[in-house]
Amino acid sequence: MNRNFFAPLAAAVLALTATAAAADTAAERQAKRQENRAERQEERQENRADRQELRQGNRAERQEERQGNRADRQELRQDNREERQAERQGNRAERQERRQKNRAERKE
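Residues numbered from 1 in each chain as written. Predicted model: local features only at pLDDT ≥ 70, side-chain atom pairs only at ≥ 80, totals over all residues. Heavy atoms only, no water.

Colleague: Explain the overall build of the protein residue by residue, including any values.
Modeller: Scanning the protein from terminus to terminus reveals one helix and zero strands. Over its C-alpha trace the protein gives a radius of gyration of 46 Å, far above what one expects of a compact globule, namely 13 Å for 108 residues. If you line up the protein on its principal axes, its C-alpha atoms span 155 × 10 × 10 Å. Classification of the 108 residues of the protein by burial places 0% in the buried group. Accessible surface computed for the protein: about 10,300 Å², of which carbon and sulfur atoms make up 48%. (Helix = DSSP H or I, 4+ residues; strand = E, 2+ residues; numbered from the N terminus. Rg over C-alpha atoms; globule rule 2.2 N^0.38 Å. Buried < 20%, exposed > 50% of the residue type's maximum accessible area, 1.4 Å probe, protein only. Areas by Shrake-Rupley, 256 points an atom, 1.4 Å probe, with all protein chains shown as cover.)

What follows is the structure, given as structure tokens:
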């Protein structure tokens, strides 16, 4: 008789325990999903910040390169100006020399 009395009670206790364990497991899974979601969100934010930092660094490098290129072009223009000026002065000197030579020849 004791067995018959306690069997349904034991079954009910086991069922409640299993239900509670299942609820705990579901709550644990939900908590784990939320934790994973939060970790992924944090990782995405860090990645976004890293990409932003890289873009800014690349932008600064390109700007620096453009400024260097600008300075190089300016220097080349200045060199070309000086070369043309020297060439014109040389041409002037040659013309002047030819004129003097021609004058000297005409006087002779």
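Colleague: Tell me about the environment of R92, and name the residues and values.
Modeller: Secondary-structure assignment places R92 in helix α1 (residues 2-107). Here R92 falls in the partly exposed class, since its relative accessible area comes to 46%. As for R92 and L14, which are separated by 78 residues in sequence, their C-alpha atoms are 114 Å apart.

Colleague: An account of a negative patch on the surface is requested, with residue identities and associated values reported.
Modeller: Together, E35, E39, E42, E43, E46, D50 and E53 give the surface a local cluster of negative charge. Checked against the element boundaries, E35 lands in helix α1. Assessed through its relative accessible area of 40%, E35 is described here as partly exposed. (Patch = residues over 30% accessible without salt bridge, like charges linked within 9 Å, V, L, I, M, F, W, Y side chains within 5 Å. Salt bridge = Lys/Arg side-chain N within 4 Å of Asp/Glu carboxyl O. Lys, Arg positive; Asp, Glu negative; His and termini not counted. Charge placed at Lys NZ, Arg CZ, Asp CG, Glu CD.)

On their own, these measurements won't tell you what the molecule is for.
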